[in-house]
Amino acid sequence: MSEAVITAEAVEKSFGANHVLRGINLSLREGEVTALMGANGAGKSTLVKILSGVHRADGGIIRLGSERFEPGSPSEAMAAGVVTVHQSINDGVVADLDVASNLMLDRLAKHGSGFFVNTRKLRQEAGKVAASIGLEVDMGRMVSRLSLADRQLVAIARAMNHDPKVLILDEPTSSLSAAEAERLFDLIDRLRGQGVCILYISHRMSDIRRIADRIVTMRDGIITGRFERQPLDYEGAVEAMLGHGMTDVDIRAGKAGMPVLELEGLRLRETSSPIDARFCVGEVVAVTGLIGSGKSDLASVLYGLRPPAQGSMTIDGRTYAPRSVPDAKRHGVFLCARDRSTSGVVPDFDISGNITLPFLKNYSSLGFLNRVSQQTRSRGLINDLGIVCQSEQDAIGNLSGGNQQKVMVARWLSEPSRVLVLDEPFQGVDISARRDIGRKIRETSGDRATIVLVAELDEAIEIADRILVMSDHTIVGEHMAGSLDISSILAEVAGRSRPQTTVGEQWQ
Amino acid sequence: MLDLAIRYGFLALLFGLVVFFALAADGFFSPISAIFIFQSVAITGILALGVTCTLVVGGFDLSIGSVATSALMLSAYVMVVWEQNAAVAVAACLVMGAFVGFVNGILIVRMKVPDLLATLGMMFLLVGLQRIPTEGRSIATGMTLPDGTVAEGSFSKGFLFLGRHRFDFFLDNLLPVSVVFLLAIGVLVWVFLELTRHGRLMYAIGSNEKAAALAGINVNRYKVLAYMISGVLASIGGILMAARLGRGDIASGNNLLLDSVAAALIGFAVLGKAKPNAFGTAMGALFVGILLQGLTMMNAPYYTQDFVKGAVLVVALVFTFYLSANRAGENK
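Residues numbered from 1 in each chain as written. Chains lettered and ligands numbered in written order. Predicted model: local features only at pLDDT ≥ 70, side-chain atom pairs only at ≥ 80, totals over all residues. Heavy atoms only, no water.

Q: Would you take a moment to explain helix α10 (residues 219-245) of chain B for this structure?
A: Along an α-helix, a turn takes 3.6 residues, which lines up residues three or four apart on a common side. All names here are of chain B. A rise of 1.5 Å per residue sets the reference length of α10, with its 27 residues, at 39 Å; its end C-alpha atoms lie 39 Å apart and thus fit the reference within 8%. Most of α10 sits inside the fold, with 20 of its 27 residues counted as buried. Looking one or two places after α10, you find G246, whose phi comes out positive at around 75 degrees. (Helix = DSSP H or I, 4+ residues; strand = E, 2+ residues; numbered from the N terminus. Expected span 1.5 Å × (residues − 1). Buried < 20%, exposed > 50% of the residue type's maximum accessible area, 1.4 Å probe, protein only.)

Written out as structure tokens, the structure is:
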């Protein structure tokens with residue numbers, strides 16, 4: 001076995017009260033691709049940011065070779081040989097410059113690199129860099145005119161300029177197609193052959209199967225699993241990443257009534273398999289799957305943000321083809337979107353304004369707002385959900401994450417719906433807020449179909465009467481609460497494809 | 001303490017300024033002088049209220065100044081060259097303002113042109129357009145048109161009334177029509193933004209556009225509406241200006257854009273709101289007016305005016321952004 005290039009021992013990091021990394025031990029070896037897996041909030045990005053010099057660790061030691069490695073800035077980390085290619089491709093390249101200038105950018109930025117740019121010489125040297133990693137693009141082309149995959153490869157080629165010992169790739173395929181990703185993997189194979197130590201962060205099982213020599217999983221700020229023996233235990237890795245420390249759940253399935261929402265031959269993408277499913281009144285259905293498995297696409301289609309590639313939907317037996325969000329709302333379909341800070345919270349409004357935002361019509365007459373009725377309604381919901389605040393007129397920004405999330409859920413519970421879709425309603429929420437939100441969702445679920453999209457299996461088990469598993473933009477499995485077979489769920493999440501069975505058969 | 005300073009600092013400053021000038025400049029503290037100040041800020045204030053509406057939805061309208069001067073030229077053209085009456089002239093200007101606002105809105109929401117650039121382009125377009133019919137000359141009764149005929153029409157009495165009449169208010173002939181318009185429009189915009197559902201939704205769009213869209217708000221429609229309000233208010237400003245001048249003066253209104261944008265931005269600082277608001281905009285316009293009137297009465301030379309306005313704007317922006325950022329920091 002080859003030498004460890006970089007080792008982390010007991011690395012700790014907190015942001016305020018939030019203990020993000022709780023003692024990480026990790027070592028990466030020469031010529032080896034280590035896949036790092038972890039759900040949102042597991043601490044992956046924090047670890048990457050420490051290794052790449054964006055953050056400093058609070059405790060623990062990192063060694064690069066035999067030296068202490070404590071980069072104070074990304075450029076120090078780079079100079080020491082730890083190079084990171086970040087998730088959003090456009091952070092790694094300058095779109096309005098040509099490929100050659102991009103590849104040579106760090107050299108151009110250096111002091112004493114001359115005042116005038118010698119384009120011919122620049123392209124020549126850039127060509128050498130590109131050739132060394134087998135990148136074939138026209139050096140004079142604008143990066144803005146390259147495909148995403150080529151941009152990604154340019155970003156990596158630029159990183160290779162620094163002769164890295166360690167290359168960190170943070171979800172490099174998240175916006176690439178399968179064919180584009182394959183080119184990236186070829187490059188990674190070549191770099192591995194050159195002895196570069198690679199840390200590969202991804203959620204995509206197909207990537208990991210293709211490229212990983214070993215898998216390390218993280219959960220809640222600690223390493224929960226190391227898988228090195230061939231063949232790699234992918235299902236074990238998913239389990240270690242998602243965990244399923246059974247929480248006390250008391251869900252009696254089977255109170256579901258008539259079907260409300262039915263999907264027939266619904267394709268989320270041209271190439272994905274069709275989905276047939278029905279969601280009934282009074283039941284809470286969790287849809288689980290890794291990031292990129294199509295959960296949020298499903299939410300977008302249901303909420304009228306975009307049409308499906310194919311197929312149809314009905315609500316209470318009538319055709320449902322929403323053209324817009326207001327149209328979806330008129331049909332009684334509500335979406336509590338994921339990532340509240342960008343797509344939910346209105347920072348300039350108080351709690352009451354945030355709760356009542358989508359339904360202001362109901363709180364106004366002749367166009368004039370009736371603040372008293374807004375506030376009365378909000379006070380009721382604040383009590384119902386146990387939102388901790390001084391009053392309904394508090395600024396939303398002063399609430400904790402969990403309470404902000406409760407406000408978001410309260411917003412969509414404030415009016416009756418036929419189908420309520422909640423996308424990651426427990427994101428960035430502590431355990432007690434999670435319980436409160438889950439309980440409220442179940443309590444109010446009597447007159448509608450409720451669909452909860454969650455990546456964490458725990459959360460799905462805690463809330464659902466029925467769990468659907470998504471993978472590759474289609475539904476690959478269905479499980480009833482009370483008779484859950486965790487290992488088969490995990491296998492489906494990990495993408496062991498299976499012919500799709502018609503979902504919802506039980507309710508016939 | 002900091003909180004109080006941010007909230008009431010600007011109003012305290014305004015009050016202090018009035019007291020200072022009342023003591024230092026003879027005749028400053030009189031109804032006549034007050035009305036003079038109001039009149040000097042009336043047109044700027046009306047335009048600034050329009051800009052405020054676009055700022056509320058997170059946009060910006062640079063074309064207001066040129067919409068106002070276009071309305072000035074248009075009303076003169078309609079009455080002097082086409083020999084139409086005041087009502088037609090006013091209607092034509094309002095339609096023009098609404099149309100320009102509509103086009104601005106479409107450029108921004110449909111063509112995805114960034115707001116500053118779209119309205120900047122519109123500004124240049126209008127500045128050029130208003131010169132074409134008269135080959136770059138001002139419009140007045142008796143002028144010779146490009147085709148050799150003489151313009152026979154004239155500004156009607158009713159139209160000039162808008163710019164020159166003064167209502168009796170405590171004193172005879174005190175209150176100019178333009179000031180009445182400013183107050184009425186100020187109240188209307190304030191009511192619309194603060195008390196109605198539509199105003200709330202517009203603030204929601206400005207604060208988090210994506211969240212507003214996901215809440216089911218028709219974001220594009222409200223954005224277009226904001227630019228149309230801005231266009232209409234700017235054309236009202238232009239009408240009042242034309243009525244005051246009594247001719248289609250090609251060189252008028254150069255300062256309108258900067259003054260009204262300044263008033264709207266100063267408005268951010270009033271009551272520490274740190275966001276666009278109608279009351280703040282009105283106070284911002286008033287603040288500049290008082291300052292300039294006071295300085296003029298103390299014999300400060302006219303060419304220092306722009307410098308003073310700029311300085312006030314910078315101070316107000318510091319109030320708004322630096323101090324309220326600090327306050328937000330303390331809360332965390």
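Q: What is the right way to read helix α6 (residues 148-160) of chain A from this model?
A: With 13 residues, α6(A) should reach 18 Å at 1.5 Å per residue; the first-to-last C-alpha distance of 18 Å fits that figure. A:A149, A:D150, A:R151, A:Q152, A:L153, A:V154, A:A155, A:I156, A:A157, A:R158, A:A159 and A:M160 are the residues of α6(A) that are buried.

Q: I keep staring at the sheet that holds strand β15 (residues 318-319) of chain A and nothing clicks. Help me out?
A: Two pairing modes exist for strands in a sheet, parallel and antiparallel, and in both the strands are linked by backbone hydrogen bonds. All names here are of chain A. Ordered in space as β12-β11-β14-β15, the 4 strands form an open sheet in which the pairing is antiparallel. In this open sheet, the two edge strands, each paired with only one partner strand, are β12 (275-280) and β15. The sheet contact formed by strand β11 (residues 259-267) and strand β14 (residues 310-315) spans 5 bridges and is antiparallel. Note on β14: the bridge partner recorded for E264 is S312. The sheet strands contacting helix α10 (residues 295-302) are β11 and β14, and the helix crosses β11 at an angle near 115 degrees. (Pairing = 2+ DSSP bridges. Contact = heavy atoms within 4.5 Å. Axes fitted to C-alpha atoms, helices over the stretch in contact; angles between N-to-C directions.)

Q: Please explain the nonpolar core as it appears in this structure.
A: Soluble globular proteins: nonpolar side chains tend toward being buried together. With 106 residues, the main nonpolar core has B:F10 and B:F159 as its most contacted residues. Those residues within four positions of B:F10 in sequence are excluded, and the remaining contacts are B:I266, B:A269, B:V270, B:F287, B:V312, B:A316 and B:F319. By size, the runner-up hydrophobic cluster in this structure holds 89 residues, among which are A:V345, A:A410, A:W412 and A:A449. (Core = buried A, V, L, I, M, F, W, Y, C linked by side-chain atoms within 4.5 Å.)

Q: Looking at this structure, I do not really get the side chain of A:R340. What am I missing?
A: Position of A:R340 among the secondary structure elements: in helix α12 (residues 340-343). Although buried, A:R340 forms no salt bridge, and the nearest oppositely charged side chain, A:D339, lies 7.1 Å from it. (Lys, Arg positive; Asp, Glu negative; His and termini not counted. Salt bridge = Lys/Arg side-chain N within 4 Å of Asp/Glu carboxyl O.)

Q: Explain the sheet that holds strand β8 (residues 197-201) of chain A to me, please; I cannot follow it from the model alone.
A: All names here are of chain A. Within the open sheet, the 6 strands sit side by side as β6-β7-β8-β3-β9-β10. Their pairing is mixed. Every interior strand has two partners, whereas the edge strands, β6 (82-85) and β10 (222-227), have only one. When strand polarity is set aside, the average angle formed by the axes of neighbouring strands in this sheet is 20 degrees. Bridge count between strand β7 (residues 166-170) and β8: 5 bridges; the pairing is parallel. By the bridge assignment for β8, L167 is matched with I198. Here helix α1 (residues 44-51) sits on the sheet and contacts β3 (33-38), β6, β7, β8 and β9 (214-219); the angle it forms with β3, its principal contact strand, is near 135 degrees. On top of the sheet, helix α9 (residues 234-242) reaches β3, β9 and β10; it is set at about 20 degrees to β9, its chief contact.

Keep in mind that these numbers describe shape and distance, not what the molecule does.
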